[in-house]
Each structure stands twice: as C-alpha cells, then as structure tokens.
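Spelled out from the first residue to the last, the chains are:
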Amino acid sequence: MKKIIVLLVITVCALYSVAVLAEDAGDQNGDVIDNPWIHLFTTTATTTAEPTTEVPETTTEEPSTVEPTAEPTVEPTTDSRLSISIDGSVIAFVEPGDSYTLPDTDVLGFDMNQELYRPGTEIENITTNLAFTTIEDDLNLQFSAGASIKLDGQTGIAFHAIANNEIAAKPYVKLGTLITTGDMYTQLYFNDFTVDSESLYGGRVINVPNQGWYNNQEGHFRAGILNIDEANVIRPFIAKAYGYVEYQDGTESELRYSGVSNMRSIKEVAINIKNDDEYYDSLSSDERARVDAFAEAE
C-alpha cells in the first residue's frame, strides 16, 4: 500500500496508550447385504433287494453333510482419486496431477492453510486432498463512538476502529485508517475520502496501516496523529477505516471501507472528559491540568 505521508506538524502514530473517552461507551452476526449361511443336507437313502432265500440286506448310509459355503468376499477397490472439499463437504474428485477450478462465487475467497485463494482460481497439478474454508465478503469495518486524546504532554488524537474478529487476524487481511481534518473532508472531498486521497491531496490525508491490536483484542485497532500544533486543538478531525486481502497469487482484493467516524477536536474530547466527573476525578493532577487546558483552548 501507499507509504505514509507525514505532515509538517503531524506525525503518524498507530497504537499508542490513550485516555479513555467518557462518551465512548456508545452502541456498537451403503446398504449392507447380510448373506446367511446356506445349509445343504441329503436324506437317508434305503435300497431294498428282490426277495431271496437269503435274508435281505439293508444298508443305511450315514447322512452326509455339505459344509456351508463361505460368505463371498469383495476385494476393496483402490481409488486413487483425490477429494476437493469446501466447508467440510466434498464437492469434487480429481485424479492425481489434474487441476480444479474453485467456484467463481461472490465471496472474498477460499482459505486453505492460512492462504486465501481468489474465487475462480485454477489449482493445477493436484497431488493431495484439498480442504478449503469459505471466507465471506464481510470485514464489517466500523468505529467506536468518539475519539481519544493524549494527556502525557503530547498533543494528539486517535480513533478506534473495529473489524470482523473472525477473520481480522488472518495473515492475508490488511487493515488501516485514514485521518484528515473535518474542514478538508467536508469542503474538498466529502465523497472522495479513500486511500487514493493520500496521493490526490498530499499530506492533507494521513494513511496509518494497522500494526497490531489495541489492548490485545483481535479486530480492534487504533490510529492517531501526534504533535498537533496547539493552534489545531480546536480543529476537528475525522477518520475512515479500510481493509483488503492479499491472495496467494500475489494479487489484492478491492478495498473495503467503513463509514466515517464521529468528527472530533481535541478540545471537544477534553470537554466531554470534564463532563464525566467520575472519570475526570480519577485522573492525576497533571492529567486534569492538561484536560483543562485543552477544554479552554480558543
């Protein structure tokens, strides 16, 4: 993705410790054939001779028993075919060395061994069974309410984005945040706040690629700008999250975007903190002094 462009007075910084907003507690889917033994027996055979002066001789044969025939056995056939399964269901068989084309459906892709295959991809020279998991087209990017500010002597503001945590941690999912000022957003490119805006409008749009998870919560990521000029404490900022995936063939998906965040200035966040008595009182004296200064900025 495009490299981060640094403003003269703004330094991009992703994932830093920030104060919690008082207002940021807002709202946020086979048949078996059983062959029995067959038993064959002969009946007793009696032979009677013509009458003579001799005592007729009667012979009796012992019954002979035919041993039961063994149940026929079927030698198992050797099937060299390889299976292709998606989401646990076998959908095709192929011969070793053959190829298979994944369904060209409207999903983000098909995961196998932590790699993502684009729908419609032809897999050649198959030598083993293949098992895929469908990844739906749902990064579900959104923002938590409000924003956060720095109270450690630096002047900065950050926005907290959230992605679908079922897939956000996959190695092929790439996330980031765009930040700009409220007046730039509304006056210059209200409907054109995208990754391309970074190059179209230079340093007026900040692109912060995600570097990790906020508070170790998968799918939660924060991005902010630091060293904001004191004159811009009253200036509102706004953010938009984006995401895309990298496929195993080296190509990338189209970008997916969230809606925009709440528009917030450092001063407005400070005022909201002061209005939360419990949270404000929990701050150190130095932090309260910082909040007071921001809240009173002109």
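What counts and how
Residues numbered from 1 in each chain as written. Predicted model: local features only at pLDDT ≥ 70, side-chain atom pairs only at ≥ 80, totals over all residues. Heavy atoms only, no water. Buried < 20%, exposed > 50% of the residue type's maximum accessible area, 1.4 Å probe, protein only. Helix = DSSP H or I, 4+ residues; strand = E, 2+ residues; numbered from the N terminus. Pairing = 2+ DSSP bridges. Core = buried A, V, L, I, M, F, W, Y, C linked by side-chain atoms within 4.5 Å. Contact = heavy atoms within 4.5 Å. Phe/Tyr/Trp six-rings, centres within 6.5 Å; stacked < 30°, edge-to-face > 60°. Patch = residues over 30% accessible without salt bridge, like charges linked within 9 Å, V, L, I, M, F, W, Y side chains within 5 Å. Areas by Shrake-Rupley, 256 points an atom, 1.4 Å probe, with all protein chains shown as cover. Salt bridge = Lys/Arg side-chain N within 4 Å of Asp/Glu carboxyl O. Lys, Arg positive; Asp, Glu negative; His and termini not counted. Charge placed at Lys NZ, Arg CZ, Asp CG, Glu CD.

Draft legend 1. Quick peek at the pairing of strand β15 (residues 157-162). When you tally the buried positions in β15, you get six out of six residues, the bulk of the element. In β15, alternate side chains face the same way, and those of Ile-157, Phe-159 and Ala-161 on one face and Ala-158, His-160 and Ile-162 on the other are all buried. Both strand β13 (residues 142-143) and β15 contribute to a ladder of two bridges, which runs antiparallel. Pairing of Gln-142 across the sheet is with Ile-162, part of β15. Note: strand β14 (residues 148-149) against β15, two bridges, orientation antiparallel. Looking across to β15, one finds that Ser-148 is bridged to Ala-158.

Draft legend 2. The arrangement of the nonpolar core in detail. Judged by nonpolar contacts, the single largest core of 42 residues is most densely connected at Ile-149, Ile-157, Phe-159, Ile-179 and Ile-273. Listed by contribution, the elements that provide at least two residues to this core are β15, β16 (173-181), β17 (206-209), β18 (220-226), β19 (237-245), α3 (266-274), α4 (277-282) and α5 (285-295). Look past the residues within four positions of Phe-159 in its chain and what remains in contact with it is Phe-143, Gly-146, Ala-147, Ile-179, Phe-221, Arg-222, Ala-223, Phe-237, Ile-238, Ala-239, Ser-261 and Asn-262. Val-94, Leu-102, Tyr-117 and Ile-126 belong to the second largest nonpolar core, which has 15 residues in total.

Draft legend 3. Region of interest: the packing of aromatic side chains. In this structure the tally under the stated criterion is one aromatic pair. Seen from their ring centres, Tyr-117 and Phe-132 are 5.5 Å apart, and the 85° between their planes marks the pair as edge-to-face. You can see Tyr-117 sitting in strand β10 (residues 115-117) and its partner Phe-132 sitting in strand β12 (residues 130-135), a full 15 residues away along the chain. For Tyr-117, a relative accessible area of 10% gives the class buried.

Draft legend 4. A negative patch on the surface, seen in detail. A cluster of acidic side chains, namely Asp-87, Glu-136, Asp-138 and Glu-166, defines a negative patch on the protein surface. Examined against the element boundaries, Asp-87 turns out to sit in the loop between β6 (82-86) and β7 (89-94). Note on Asp-87: relative accessible area 47%, which makes it partly exposed.

As far as function goes, none of this settles anything; it's purely spatial.
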